[in-house]
Amino acid sequence: MINEVKSKIWYLKYFDLFSELPDEDLKFLDQISYMMKFPKREYIYFPEDPANTIFLLKEGRVKISLLTEKGRELTLAILDPGEVFGELALVEEGNRQTLAEALEDTLICVIKREDFKKLLKKQPDLALKIIKLIGLRRRAIESKIEYLVFRDVPARLAHLLLSLAEEYGVKTSEGIKLRVRLTHQEIGNLIGATRETTTAALNRLKELRLIDFRLRHLIIVDKNKLQQLTEIGNN
């Protein structure tokens, strides 16, 4: 039990948001939080669920999505370990507006809203960090939606692949290999397109020798030409 507590406090300290908290507040954070495991493809919360908890991602990856009026899924973000989500519960009482799904076997630290607010009252600097995080995420979502509206599918796909290359790319002799594996449906959700349209766009990029596939990994062969697609593609 002691080792489990030490491990929990250790990783809480290495979240950027909590890196400057004194040990006393880290212990309080440990006391008010609990761990939950979610297997791959299990949903963490749904739209209209009560927004009364904040989540810290310790292991795995989580997809945050929005369901459109037509029932289609639009992926807003894919989160990696060390990230916080569900933070809008701190400023907006009511229900969730998004959908959270575990893309891998995932371990999450959960904190009730009211308990987290007690910590924020003790640490105003932490409250400012949370406000900044909320603002940055809202701007990122607004920017993404604007891009989806005013760009065509090839441009949106090229933009996504370049973004994934920045975050998950590894240089190889063949090009930039993406360490993250996404299905055509998941890529479609990220760019606001159907699976069929996404598959056709990916195949076209392969025909143009801008990308390639090796053992289920996507490889960016010509980064410069992909960049050109993001600049000229529009509705």
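To be clear, the structure that these remarks concern was listed above.
Described below are features of the structure shown in this document.

Parameters and conventions
- Residues numbered from 1 in each chain as written.
- Predicted model: local features only at pLDDT ≥ 70, side-chain atom pairs only at ≥ 80, totals over all residues.
- Heavy atoms only, no water.
- Helix = DSSP H or I, 4+ residues; strand = E, 2+ residues; numbered from the N terminus.
- Buried < 20%, exposed > 50% of the residue type's maximum accessible area, 1.4 Å probe, protein only.
- Contact = heavy atoms within 4.5 Å.
- Areas by Shrake-Rupley, 256 points an atom, 1.4 Å probe, with all protein chains shown as cover.
- Lys, Arg positive; Asp, Glu negative; His and termini not counted.
- Charge placed at Lys NZ, Arg CZ, Asp CG, Glu CD.
- Salt bridge = Lys/Arg side-chain N within 4 Å of Asp/Glu carboxyl O.
- Pairing = 2+ DSSP bridges.
- Axes fitted to C-alpha atoms, helices over the stretch in contact; angles between N-to-C directions.
- Core = buried A, V, L, I, M, F, W, Y, C linked by side-chain atoms within 4.5 Å.

### What about the overall build of the chain?
Across its full length, the chain holds eight helices and twelve strands. For the C-alpha atoms alone, the extent of the chain along its principal axes is close to 60 × 40 × 30 Å. Taking all 235 residues of the chain together, the buried fraction comes to 45%. Partitioning the intrachain contacts of the chain with sequence separation of at least 6 by distance along the chain shows that 71% fall at a separation of at least 24. Put simply, the chain shows about 13600 Å² of open surface, and 52% of that area lies on carbon and sulfur atoms. Each charge class in the chain was averaged separately, 39 positive and 36 negative side chains, and the resulting centres sit 3 Å apart.

### Some words on the pattern of salt bridges
Within the structure shown, the criterion is met by 15 salt bridges. Here E101 ties to K63 by a salt bridge, and the two come within 3.3 Å at their closest N and O atoms. With E101 in strand 7 (residues 99–102) and K63 in strand 4 (residues 62–67), this pair connects stretches of sequence that are 38 residues apart. Look at E101 and you get buried, because its relative accessible area is 6%.

### Observations regarding the sheet that holds strand 3 (residues 53–59)
Spatially, 1-8-3-6 is the arrangement adopted by the four strands of the open sheet, whose pairing is antiparallel. The sheet terminates laterally at strand 1 (33–38) and strand 6 (84–85), the two strands that pair on one side only. Inspection of the sheet shows strand 3 paired to strand 8 (residues 106–112) by six bridges, in the antiparallel sense. Bridging from a neighbouring strand, L57 pairs with I108 of strand 8. The strands that helix 2 (residues 23–32) touches are strand 1 and strand 8; relative to strand 1, the one it contacts most, it runs at about 50°.

### Digging into the pairing of strand 8
Of all seven residues making up strand 8, six are buried, and the element is well covered by its neighbours. Across six bridges, strand 1 lies against strand 8 in antiparallel orientation. Counted as the bridge partner of M36 is I108 from strand 8.

### Focus on the nonpolar core
Formed by 28 residues in total, the largest nonpolar core has its most connected members in L157, L161, L178, L205, I220 and L226. Elements that contribute at least two residues to this core include exactly helix 5 (153–168), strand 10 (176–178), helix 6 (184–191), helix 7 (195–207), strand 12 (217–220) and helix 8 (223–232). In terms of residue count, helix 5 provides more of this core than any other element does, nine residues in total. Among residues more than four places away in sequence, those in contact with L157 are I187, I191, A201, L202 and L205. Of all hydrophobic cores here, the second largest spans 22 residues; its members include L21, A89, I111 and L126.

### A word on unusual backbone geometry
Even without being a glycine, R41 presents a positive backbone phi close to 75°. One can find R41 in the loop between strand 1 and strand 2 (43–45). You can call R41 partly exposed: its relative accessible area is 37%. You will see that R209, though not glycine, has its phi angle at about 60°, which is positive. Here R209 shows up in the loop between helix 7 and strand 11 (211–214). Note on R209: relative accessible area 67%, which makes it exposed.

On their own, these measurements won't tell you what the molecule is for.
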